[in-house]
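Structural description and commentary
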Amino acid sequence: MNTLSSLNNKRIVLGISGSIAAYKAAFLTRLLIKSGAEVKVLMTPSATAFISPLTLSTLSKNEVHIDVVSDKSWNNHVEMGLWADAMIIAPATANTLAKLANGICDNIVSAVYLSARCPVFIAPAMDVDMWHHPSTQENLKRLQSYSNTIIPVNKGELASGLYGEGRMAEPEEIITFLNGFFSKKQDLIGKNVLVTAGPTFEPIDPVRFIGNHSSGKMGVAIAEELATRGATVHLVLGPSKLSPNHNNINVIRIMTAQEMYDKCVEIFPDCDAAIMAAAVADYKPSTVATTKIKKKKEDMSIHLSKTKDIAASLGKKKNKKQILVGFALETNNEIINAQSKLERKNFDFIVLNSLKDKGAGFNFDTNKITIIKKDNNIRKFELKSKKETAKDIVQELALLL
Ligand code: CTP
């Protein structure tokens, strides 16, 4: 037994559905047992056509369950759902994904899934076209929105002879995924958090815009830290080169302040918290030219009008349980300006960046922040990487949640 593995003594339910990749479930079971986990295997009836229950009961050292109703107990699915520290469904076929996403429980795997209170990891396996089909992608999105973790598929040769995405992750990769999960603090599971990040671009004409230098790095680092701690993150991201890839992060790309406002207003009511890290344009051209503006006079002016203040709008809408976190980027009278924003926008705390601090602000990989709370408690942090800074901010939020 590997006492160093974070899977040691963990109770794992492994659900297997009917795919050619089911043979990998034998290796996965072996690796789980070697890591010190206790494993109970469930199979859909069609999975038994691909791999023998006897192989799996021998490897797992436990009885394999195939029927919802056993002669020993009528409700073994409830018991198993409550027993497990984690449930893994590997391989999960397109059919199984559809059942899980829609609460259909006509077999032991989907019945235990519905009864499970533990984190669920799903390792899909299917042919490339099935994988890319919009209905499969919708089911995956829905399963993620229920806080399940989808273990990414691999690209390669498939059983059909086609090449593409759809290969189930290798057993070693699934073990690495689980180890990563169990070795991290997962205290934000079940929490929904809205994060805004990046700049906004306000069009002047079809080729020009008003923007700013925000890279989105701070907001994306916050989204990743929240996701790592188990939260479901809705990241409303302005035009940024970054493209976070985490199962718990739902990235919503927008361009303008109005688009960011619309998405935030739609998403916020279902969230436990929102962190407003975007550098939203305060003004936009009052009219957008439909054709490219031609160079004519020596000077020209563009009339601007105010954009909606997204943070202030959410501050007005938020209920007593929701936590709202804002940012303030200041160049002078930093604390006073930040405190006034905290009050004006009804934030629970505000993260202050001063452009006077070296290594803080746009495009740096580092940041130096001060957190100011509602009760005017002020805490200054050292210059750190944005990743480490994100941990400090998320920790402050986690205490309030
Ligand atoms: N913010 C927002 N929507 C806007 C402007 C700002 O959601 N239209 C949010 C930012 O994401 C940040 C906070 O409000 O969390 C403060 O942003 P900042 O630009 O510093 O404040 P402003 O209210 O725009 O004040 P000023 O530019 O005058 O300092």
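Before reading further, recall that the structure is shown in the block above.
The text that follows walks through the structure, step by step, so that each part is easy to find.

Definitions and limits used
- Residues numbered from 1 in each chain as written.
- Predicted model: local features only at pLDDT ≥ 70, side-chain atom pairs only at ≥ 80, totals over all residues.
- Heavy atoms only, no water.
- Helix = DSSP H or I, 4+ residues; strand = E, 2+ residues; numbered from the N terminus.
- Buried < 20%, exposed > 50% of the residue type's maximum accessible area, 1.4 Å probe, protein only.
- Contact = heavy atoms within 4.5 Å.
- Areas by Shrake-Rupley, 256 points an atom, 1.4 Å probe, with all protein chains shown as cover.
- Lys, Arg positive; Asp, Glu negative; His and termini not counted.
- Charge placed at Lys NZ, Arg CZ, Asp CG, Glu CD.
- Pairing = 2+ DSSP bridges.
- Patch = residues over 30% accessible without salt bridge, like charges linked within 9 Å, V, L, I, M, F, W, Y side chains within 5 Å.
- Salt bridge = Lys/Arg side-chain N within 4 Å of Asp/Glu carboxyl O.
- Arc of directions from axis to C-beta.

Right, let's talk about the overall build of the protein for a bit. Counting secondary structure elements, the protein contains 13 helices and 21 strands. C-alpha extents for the protein along the principal axes are approximately 80 × 50 × 35 Å. Out of the 401 residues in the protein, the part that is buried amounts to 50%. For the protein, the proportion of contacts with a sequence separation of at least 24, taken over those separated by at least 6, is 67%. Split by element, the accessible area of the protein, about 19900 Å² in all, is 52% carbon and sulfur. One finds the centroid of the 50 positive side-chain charges in the protein at a distance of 5 Å from the centroid of its 40 negative side-chain charges.

Our focus in this paragraph is the pairing of strand S7 (residues 163-167). By the bridge criterion, 4 bridges tie strand S6 (residues 154-157) to S7 in an arrangement that is antiparallel. Across the sheet, the residue bridging to Gly-156 is Gly-164, located in S7.

What follows concerns a nonpolar patch on the surface. Judged by side-chain polarity, Tyr-283, Met-300, Ile-302 and Leu-304 come together as a nonpolar surface patch covering roughly 380 Å² of accessible area. Position of Leu-304 among the secondary structure elements: in strand S15 (residues 304-306). Note on Leu-304: relative accessible area 35%, which makes it partly exposed.

Another point: helix H10 (residues 257-267). Structurally, the α-helix is built with 3.6 residues per turn, so residues lying three or four positions apart point the same way. All buried positions along H10 are accounted for by Ala-257, Met-260, Tyr-261, Cys-264 and Ile-267. One side of H10 holds all its buried residues, which, seen down the axis, span an arc of 145°. Of the surrounding elements, those touching the buried residues of H10 are strand S8 (192-197), strand S9 (202-203), strand S11 (232-237), strand S12 (249-253) and helix H11 (310-317).

Attention now moves to unusual backbone geometry. Geometrically, the link from Ala-90 to Pro-91 is a cis peptide bond, its omega value of -5° lying close to zero. Secondary-structure assignment places Pro-91 in strand S3 (residues 86-92). In the Ramachandran plot, Lys-61 falls in the positive-phi region, its phi being about 60° despite a non-glycine side chain. Given the relative accessible area of 63%, Lys-61 is considered exposed. Positive phi values are uncommon outside glycine, yet Asn-346 reaches one of about 60°. Looking at the element boundaries, Asn-346 is found in the loop between helix H12 (334-344) and strand S17 (349-354). By relative accessible area, which is 30% here, Asn-346 ends up partly exposed.

This is a description of form; function is not addressed.
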